[in-house]
Amino acid sequence: PKVRQAFELALDRDAINQVVFNGVQRTNNQWVSPSNPYYMAKFPTPRRDIARARALMKEAGVATPISLDFMVPNSAESRAVAEVMQSMVAEAGFDLKIRVTEFATSLKEAEKGNFQIYFLAWSGRTDPDGNIFVFASCGSPNNNGNYCDPKVDELLTRARTATTPAARKAVYEEAAAKLLTEGAVVYLYHRTLLFAHTARLDGYRVMPDGLIRVTGLRLK
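Because the structure is predicted, anything quoted here is derived from the model rather than measured.

Caption draft 1: Spatial organisation of the overall build of the protein. In terms of helices and strands, the protein carries 8 helices and 7 strands. When the backbone C-alpha atoms are referred to their principal axes, the protein occupies close to 65 × 40 × 35 Å. The 220 residues of the protein split such that 39% are buried. Here the contacts in the protein between residues at least 6 apart in sequence split such that 66% fall between residues at least 24 apart. Of the roughly 12,000 Å² of accessible surface on the protein, a fraction of 53% belongs to carbon and sulfur atoms. For the protein, the distance from the average site of its 28 positive side-chain charges to the average site of its 23 negative ones is 4 Å.

Caption draft 2: Focus on unusual backbone geometry. With an omega of 0°, the peptide bond running from Thr64 to Pro65 counts as cis. Positive phi values are uncommon outside glycine, yet Asn146 reaches one of about 60°. Tracing the chain through its elements places Asn146 in the loop between helix 6 (129-136) and helix 7 (150-161). For Asn146, a relative accessible area of 63% puts it in the exposed group.

Caption draft 3: Structural context of the pairing of strand 3 (residues 94-101). When strand 2 (residues 66-73) meets strand 3, the two strands line up parallel, connected through 8 bridges. Directly across from Ser67, in strand 3, lies its bridge partner Asp95. One crossover worth recording links strand 2 to the parallel strand 3 by way of helix 4 (residues 76-90), and it is right-handed.

Caption draft 4: Broad picture of the packing of aromatic side chains. This structure, assessed with the given rule, holds 8 aromatic pairs. For the pair Phe7 and Phe94, a centre-to-centre distance of 5.3 Å together with 85° between the ring planes defines the contact as edge-to-face. Of the two residues, Phe7 is situated in helix 1 (residues 2-9) and Phe94 in strand 3; the sequence distance between them amounts to 87 residues. Here Phe7 and Phe94 have matching classes, each one buried. Three or more aromatic residues link up through ring pairs in this structure, and these residues are Trp31, Tyr38, Tyr172 and Tyr187. Over the ring of Phe133 we find Arg160; its NZ or CZ atom is 3.6 Å from the centre of that ring.

Reading the values: rules and limits
- Residues numbered from 1 in each chain as written.
- Predicted model: local features only at pLDDT ≥ 70, side-chain atom pairs only at ≥ 80, totals over all residues.
- Heavy atoms only, no water.
- Helix = DSSP H or I, 4+ residues; strand = E, 2+ residues; numbered from the N terminus.
- Buried < 20%, exposed > 50% of the residue type's maximum accessible area, 1.4 Å probe, protein only.
- Contact = heavy atoms within 4.5 Å.
- Areas by Shrake-Rupley, 256 points an atom, 1.4 Å probe, with all protein chains shown as cover.
- Lys, Arg positive; Asp, Glu negative; His and termini not counted.
- Charge placed at Lys NZ, Arg CZ, Asp CG, Glu CD.
- Pairing = 2+ DSSP bridges.
- Right-handed = clockwise from strand over helix to strand, strands pointing away.
- Phe/Tyr/Trp six-rings, centres within 6.5 Å; stacked < 30°, edge-to-face > 60°.
- Lys NZ or Arg CZ within 6 Å of the ring centre and 35° of its normal.

As structure tokens, then:
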């Protein structure tokens, strides 16, 4: 966990956003956006702290630099983010070896566990359960990092059965206390969704998951 925390503290999400995206994206450290009702304000996005990152590496007793295979899908966006990350975490003792991989191939490689770090974008779901359960519960299909904690499983399952938003959020906060410090995923940013369409199109709404629904659409 200390090495994982050091890795995150070596990252400057705002700088990544500015350098790669000209500030368009929304930086964050959680599986839901700050605009989502289930966003947990009690867990703010950590600021970059190289001194603390180096101290954590020393406390963990690991020899640096740590050389890591960083599998990155082959797109200009992903490669640019990876290169900025590579430069940042080097200051804390991480030597990222970027392995650019065709996207579909990277998914198969991730399923097999043929990576040490994997850069992956997720379209998101309108309900928070769709963003976390399959990524963090034991043996779930998208849990490529093989993180497994029975207590977290119990909390995520309980969040599924809570009957009010307040009750669900309270359970997610319990889970986040563990997941955001020792979980397999380090969240970087939420993509700003931009869509262009003809002025003749009526009834279009941008949905939080970015998927286009044709229900209710018509051409004037």
